[in-house]
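# Notes for the structure review
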There are 4 protein chains.
Amino acid sequence: MNHAVLLISCADQPGIVAGVADFVFRHRGNIVAAEQYTDHADGTFFQRVEFELDQLDLARDQIEPAFAEVAERFAMHMQLRFTDDAARVGILVSKQPHCLDDLLARWRTGELGPAQIPVVISNHPDHEAAVHHAGAAYSFLPVGSTTRAEQEEQLLRVLARHRVDVVVLARYMQVLSPRVLATYPNGIINIHHSFLPAFLGGRPYHQAHARGVKLIGATAHYATEELDEGPIIDQDVARVSHRDSVEDLARRGRDLERVVLARALRAHLQHRVLTHRNKTVVFE
Amino acid sequence: MNHAVLLISCADQPGIVAGVADFVFRHRGNIVAAEQYTDHADGTFFQRVEFELDQLDLARDQIEPAFAEVAERFAMHMQLRFTDDAARVGILVSKQPHCLDDLLARWRTGELGPAQIPVVISNHPDHEAAVHHAGAAYSFLPVGSTTRAEQEEQLLRVLARHRVDVVVLARYMQVLSPRVLATYPNGIINIHHSFLPAFLGGRPYHQAHARGVKLIGATAHYATEELDEGPIIDQDVARVSHRDSVEDLARRGRDLERVVLARALRAHLQHRVLTHRNKTVVFE
Amino acid sequence: MNHAVLLISCADQPGIVAGVADFVFRHRGNIVAAEQYTDHADGTFFQRVEFELDQLDLARDQIEPAFAEVAERFAMHMQLRFTDDAARVGILVSKQPHCLDDLLARWRTGELGPAQIPVVISNHPDHEAAVHHAGAAYSFLPVGSTTRAEQEEQLLRVLARHRVDVVVLARYMQVLSPRVLATYPNGIINIHHSFLPAFLGGRPYHQAHARGVKLIGATAHYATEELDEGPIIDQDVARVSHRDSVEDLARRGRDLERVVLARALRAHLQHRVLTHRNKTVVFE
Amino acid sequence: MNHAVLLISCADQPGIVAGVADFVFRHRGNIVAAEQYTDHADGTFFQRVEFELDQLDLARDQIEPAFAEVAERFAMHMQLRFTDDAARVGILVSKQPHCLDDLLARWRTGELGPAQIPVVISNHPDHEAAVHHAGAAYSFLPVGSTTRAEQEEQLLRVLARHRVDVVVLARYMQVLSPRVLATYPNGIINIHHSFLPAFLGGRPYHQAHARGVKLIGATAHYATEELDEGPIIDQDVARVSHRDSVEDLARRGRDLERVVLARALRAHLQHRVLTHRNKTVVFE
C-alpha cells in the first residue's frame, strides 16, 4: 500500500500537530505513522507524517498545493514524498567490494524497496562483471589518467545521464570536490570506517590498532565539505581485543560497514532522515 | 516543566490524531511529544501525547471530563497522567541485593524522577540496614514461618499502608498468588534472569550453561498468572563463552538485570508503556 | 606463513601443557598461539596449540607419528590440522539467498582463507546464475519430484563427487536424515533464525513477534539428530520494538544470520572449534 | 582454591612455553589456565600462566627464586601474583556517586573477590554516610581550601596510611600531578565518560550531543601523564538518538561507566592485564 510522507520543520509553536492532522483528516487521509521532535536548543520543530492515499480526495500532485496554506501559516519548510518513490541510487566504489556486493545483494532480494541501482562508478575496473551480473551499468573512471577535475566532470555526467537521486560512497576512497557535493545536497551517503569522531582522516584501522581500542566502529554520514564531519545517520561498533591485527580489525570492520551503510541508505530511502545544522533527526 | 500525558487506545479509524491534536490546541496546550502505533493484526491504534500545562485553559482535574467527548467519539480507552506524578514504588526482594542496591542508588541520585520508594519488603532480613540508610521502611516477611497465604496477606497490607502504586520484583524468588497479581494489574514489574522465552522456569543460568549458549540475557516484564509469560518491557544480552562457569554467568547476568530492570521501571514511571494482549507498546 | 594446529582433549592431569610444549620445542617448532580450557564438570582438558613449521625438523606427515608417544602418555584424543588446509565447503540453500550471497562474496574477497566452495546445492533453481558467476557448480535437487530419500542420495553423491569437507546449511529449509548427518559428524553447520533455545521449531520470527520480544537472534550450530539442539558455535542478537512487523524481524534477522553464520564457518575453518558433549569450546 | 599467577613478557623465541610449563610441572604444579600473545610489531611475547599451589613442592616465597633460572634464560620481565591477593583499593570520587555506589555494592556482594576498599577520598563531603555504611574510611580533602599541591600531599598520605595498592578514579574530576601518577605506575584506573579517543577533554557528553553521534561510550584506562591517553583496559557503548538531551546522554552514560569501570577493575585485580607501550594485553 502506497503512502504519502510529509517531512516538516518550522519554529515550534502551538497548533502545528493539530494543523497537519486536520489537513490530512479533512482530505480523508488516514495517518498511519507520525513522529515529531523539537530541538530545544533553537526551538525547531520536526515532524514526519505518513498517511494513506487510497481514500484521499486529492491526487498526488494536488497535495502540495493544497497543503500550502498550512505550510504558510506555520512558515514551514516541507517536503512531500511517497513510499513508492523509486529513488535512483548511484554507487561509487574503489577497490574494496564488500559494501558494493552487499548493496547489490540487498537490491536483488528487494530489501531496498522500490529503489533502483542504475549505475556503479569506480576508479577501478575490478567490479564490472559483478555489477553487470546484478543488472546495473558500470562506469570505470580512473583517477590519474586524466586530471581529477576531468574525472569529476565525467562522473557528474554519468550520474546525470542515469538520473541518479542518491549517491552512495561504498568505500570510495577519493575526496569529492565541493562542486560534486553541491550537486547532491544531503544526497551523498558515505561510510567511514571508524566510530566518528574518533580516528578522523586516513587509515582509521591503523589508528585504532595503534591506540589499542577495545571496540571498532563504522559511521554512515552525509558527505559535506568538512571531511568526516557531515551529519551522522547511523553508527555501530564491534568488540575487538589486543589479539586483533590491523587486518583483523579491517575484516571485523567490513561486517560493520556493510550493515551500517545499508541501514543508513534504507532510512534515507524511506524518507526518515531530516538534517538540521550538522545533525540528523532519524525517525523510526 | 510539568506536562500531561494522554495514553490512548481504540480501533484504528481516520481522524483520531486530528481529534486529539485539536483538543489540545483548542485548550491552548502545546504538544511536546506524540507517538502512535497501529497493531495491524487487530487494527488497534495506540497513542501517547505529551503536552504542556502552563498555558492550558483547563485545570488538571478538568482535562479528563473535557476530553470525554473525544474519547467517546472514538470509543477510546484513555489514561491521563502527569510527568510529575510521584509514583510510590514498593520493592520486593529475596536474598540477592544487586537490583535493590541499584534501584536505591538511582533513587538517591534522582534518576527515578519524582518517584518515591516508601518501602522494601523481603523474605530475608539481610537488607534492613541498607534500606534504612536509603530512607525507606523495611518489612521482613519470612515465608514458611507462617503459611504462604498469611505472608501474602501481610504483604498486601504493607503495600496498602504505604500506598504503593508500582511493585518491583527485584529478584524476589517467591511466586505471587493470583490475588496479589490482580491487586496491581500491569503494576508489578519482574526481572527474569534469562532471555525469555529461553530457559523458562528455575535456575536459568544453570540451564544456559548446560545448553552452552554464547549469550545470556535478562528480561523485565509485567508479572501475570502465567509465570514468565507476561508482557515483555525490555530485554538485553551479554556475550559469554565456554570459559564462563555458572557463577560467571550469574555475575555477568547481574549487570544485565540491574540495567534492564531500571530501564523498564523508568519507562513505566514515565507513562511510556501500554499493554495489549500479551505484548507491550513502549514509546520512546 | 603456514602453521600446524594441534587440537587436543584428554582427562585433565599435571604435565600435559609441558608435554606438548616440550614436543614442539624439541622438534624446533615455535608456538605462536596456545589456548587451553578445562571443563570442571567432568575434568576434561582441551587445548589448541598453533606452531610454526618452517624450522620444524619433521615433515608434515611425520608430525602425527612423532606425537603419538605424547598422545598415548596422556590418552589424548588429538587432531592435526594446518592453517593452509584448503577445506572444501559445500553450501545447501533453499529459496532465500542472503546467506549464500554473503558467503560467495566473502569467498571472492578472500575472507574464507584457503577454503574453496566447489558446489552449491539447492532445492530451488533460483541461484544458478549467481553461483556460476562466483565460480562454483550448481546442483538443483528438487524435493518432491522424487522421494526425499532419493533426493538425499543424490545430495550425498554430489557432495562426495566434489569432495566436500564441510557442509553449510545457508537457510536450507529441509530436514536432513540421520544418514546425511552421520556422513559429516561435526561437519554440518546450520544457521537457525532465532536465539536458541528460544523459539525452537518452525517460523521463529512469527513466534518472536507473537511473544513481543525486544531482541531477536540468530544461532549457528552443528546440525545433529535433535533438531535445533546441536552444539552452538556462535549467536548474536539485534534490538527490535513493537513497531517491527514479522517482515521487519525477518529483515533485521537476515543481517544477523549472515554475520553469525560467517563467523561460525570462519572459526570452524581455522580449527578453533572443539565439541564436547553438546557444547562447543571456541578458542579465540 | 588459591592459585599462583605468572605474568611474563620477553622477546619472542622458541622454547619459552616449554620452559615455563616444564618449570611448573617439575615442581608438581598443575596449570589451570595459560594464555599467550605475541606483539608482532616488536616481537614481544606475553604470557599469563595460572597454576595450582596445593601439590606444589615450593612455598609461595620460594617460587620466584626457583623461577629465576627460567626468567634469566629468556631475559624475562616477570611478576608473580596469587589469586587470593587481597588488593587494597582506594577510591577517589568527586560529586557524582554512581560509580562509587556501584563499587561499594559489588564489594558488599563479594564480586571484587578478596579485594578490600579501606578508604574513599573525595573533594566533596557528600558521600561520607554511604561510605561509612559500607565499612570504609572517608577522607574529605577539598581542593581550593588549600593549594592543589597540599591537597595531593594529604591524598598521598591517606593512600599510604591505608596501604592502598590500586587507585580507582570513580569520576574524580581533578587532574592528578605526575608525582601521584608516578607513585602508582599502572595502578591508577580512570573511567572516562566517552569512547576514547573521541571527545578528548572536558564535557564529552556535551561534545557528543553537539556532534550528533548515535552511540555514546565509556572507557576505563590506566591514568598517565598524557590526559585521556593512557592504556585502554575496557570500553563499551550504548545506542542513543537525536531525542536524547545532554542529560539523557549522561544518564545512559552512567550505566556504561559503572559496568566498564567494574569490569576493568576486576580484570586488574585478577592479574589479567599487562601493559606494553601504550596498550594493554587483557587475558580472558
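Overview of the structure. Counting of residues starts from 1 at the beginning of each chain's written sequence and follows it residue by residue. For naming, the first written chain is A and the first written ligand is 1, with later ones following in the order written. The model is predicted, so local features are restricted to residues of pLDDT at least 70 and side-chain atom pairs to those at 80 or more, both for listing and for counting; the totals for chains, interfaces and linings are taken over all residues. Calculation of side-chain values draws on the structure's entire complement of heavy atoms; hydrogens and water are dropped beforehand.

### Some details on the interface of chain B and chain A
To keep things clear, this is the line we draw: We call two residues in contact whenever any of their non-hydrogen atoms come within 4.5 Å of each other. Summed over both partners, buried area is the accessible surface (1.4 Å probe) that two parts give up on being assembled. Polar contact criterion, stated in full: a pair of N or O atoms within 3.5 Å, where within protein one must be able to donate a hydrogen and the other to accept it, and residues adjacent in sequence count only if both atoms are side-chain atoms. Think of it this way: any DSSP run of H or I at least four residues long counts as a helix, any run of E at least two long counts as a strand, and we number them from the N terminus.
Facing 17 residues of chain B, the contacting portion of chain A comprises 17 residues. A combined buried area of about 1,400 Å² lies between chain B and chain A, and 60% of that area is made up of carbon and sulfur atoms. Counting the surface chain B buries against chain A, the share from its top three residues, F25, N30 and Q36 of chain B, is 29%. Summed over the shared surface of chain B and chain A, the result is two residue pairs in polar contact (both at pLDDT 80 or more). Where the side of chain B that touches chain A is concerned, the elements lending two or more residues are helix 1 (16-26) and strand 2 (31-39) of chain B. Broken down by element, the residue count for the side of chain B that touches chain A peaks at six residues, all from strand 2 of chain B.

### Focus on the relation of the copies chain B and chain A
The line we're drawing: Here the copies are matched by least squares. The fit uses the C-alpha atoms of residues with pLDDT of at least 70 in both.
The transformation that overlays chain B on chain A combines an axial shift of 0.0 Å with a rotation of 180 degrees, and the residual RMSD is 0.0 Å. What we have between these two chains is a two-fold relation.

### Remarks on the packing of helix 1 (residues 16-26) of chain A against helix 1 of chain B
To keep it simple, the criterion reads: Between N-to-C directions, angles cover 0 to 180 degrees, with each direction set by a line fitted to C-alpha atoms, over the stretch in contact for helices. Crossing handedness follows the turn of the near helix against the far one: under a right angle anticlockwise gives a left-handed crossing, and clockwise gives a right-handed one. Residues are grouped as follows: Ala, Val, Leu, Ile, Met, Phe, Trp, Tyr, Cys and Pro are nonpolar; Asp, Glu, Lys and Arg are charged; every other residue, Gly included, is polar.
Here helix 1 of chain A crosses helix 1 of chain B at 145 degrees, and the two axes come no closer than 8 Å. As for the relative orientation of helix 1 of chain A and helix 1 of chain B, their crossing is left-handed in sense. When helix 1 of chain A is examined against helix 1 of chain B, the residues V17, A18, A21, D22 and F25 of chain A are found in contact with a partner set consisting of V17, A18, A21, D22 and F25 of chain B. A breakdown of the residues in the contact of helix 1 of chain A with helix 1 of chain B according to their chemical character gives eight nonpolar, no polar and two charged.

### Section: the pairing of strand 8 (residues 166-169) of chain C
Residue and element names in this part refer to chain C. Note the threshold: Only protein chains enter the area calculation, which uses a 1.4 Å probe; residues under 20% of their type maximum are buried, those over 50% are exposed, and those in between are partly exposed. Strands qualify as paired when DSSP identifies two bridges or more between them.
A two-sided burial pattern is seen for strand 8, the buried positions comprising V166 and V168 on one face and V167 and L169 on the other. Relative to strand 8, strand 5 (residues 88-93) runs parallel, the two sharing four bridges. Paired with G90 across the strands is V167, a residue of strand 8. With three bridges joining them, strand 8 and strand 9 (residues 188-192) adopt parallel strand pairing. Opposite L169, over in strand 9, you have N190 as the bridge partner.

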